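# Architecture and fold: a report
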Amino acid sequence: MKLHELTAVPGSTKEAKRIGRGHGSGQGKTAGKGHKGQKARAGRGFRAGFEGGQMPLQRRIPKRGFNNIFAKKIVSINVGALECFENGAVVDTQALIDAGLVKTVCDGVKILSNGKLSKSLTVKVNAFSAAAKEKIEAAGGKAEVI
């Protein structure tokens, strides 16, 4: 197949509607805009969310809470999830991504204490809960904060 032999799939393209080209076209006179009003005028347009002067939805709905734009997004993993690693392995953020336990690291990784750990691992992440650190060390591993 060559470039000059390519054709569009039937039905995928259609001719542009030629408006304002006389009565016979079916789109003559007002060119599909109806009679008068803001929508018939040249250069018409509304800003996003405009409701014709009525109080817009985004202003009618009560506002609650606060979104801290400086908050750090910490990914949390339970100690029980670390069972998938081999005994004596070094578990860091890249190892967690490779194992499929974390998609992205965001601002850091924290290990929480839910679950049991029976393997001796060296875990290097941004934070640990106190109970998680105890479980890792009780299993004979190390918990290192990076």
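Scroll up a little and you will see the structure.
Here's a quick rundown of the structure. Model, not experiment: these values are computed from the prediction.

### Some details on the overall build of the protein
The helix and strand tally for the protein stands at three helices and six strands. In sequence order, the protein lays out its α and β elements as α-β-β-α-β-β-β-α-β. Computed over the C-alpha atoms, the radius of gyration of the protein is 31 Å, more than 25% above the 15 Å expected from 2.2 N^0.38 for a compact globule of 146 residues. With respect to the three principal axes, the spread of C-alpha positions in the protein is 85 × 60 × 25 Å. Within the protein, the proportion of its 146 residues that are buried is 18%. The contacts of the protein with a sequence gap of at least 6 include a subset with a gap of at least 24, amounting to 42%. Here the protein displays about 11,500 Å² of accessible surface, and carbon together with sulfur accounts for 52% of that area. Where the 26 positive side-chain charges of the protein centre and where its 11 negative ones centre are 23 Å apart.

### Points about the pattern of salt bridges
One pass over the structure, following the stated rule, counts one salt bridge. Between R60 and E51 there is a salt bridge whose closest N-O contact spans 3.0 Å.

### Considerations on the packing of aromatic side chains
Within this structure, the stated rule accounts for one aromatic pair. Between the aromatic rings of F46 and F50, the centroid separation amounts to 5.9 Å while the plane-to-plane angle is 15°, which identifies the pairing as stacked. Taking the relative accessible area as the measure of exposure, F50 reaches 34% and is therefore partly exposed.

So, how was this worked out
Residues numbered from 1 in each chain as written. Predicted model: local features only at pLDDT ≥ 70, side-chain atom pairs only at ≥ 80, totals over all residues. Heavy atoms only, no water. Helix = DSSP H or I, 4+ residues; strand = E, 2+ residues; numbered from the N terminus. Rg over C-alpha atoms; globule rule 2.2 N^0.38 Å. Buried < 20%, exposed > 50% of the residue type's maximum accessible area, 1.4 Å probe, protein only. Contact = heavy atoms within 4.5 Å. Areas by Shrake-Rupley, 256 points an atom, 1.4 Å probe, with all protein chains shown as cover. Lys, Arg positive; Asp, Glu negative; His and termini not counted. Charge placed at Lys NZ, Arg CZ, Asp CG, Glu CD. Salt bridge = Lys/Arg side-chain N within 4 Å of Asp/Glu carboxyl O. Phe/Tyr/Trp six-rings, centres within 6.5 Å; stacked < 30°, edge-to-face > 60°.

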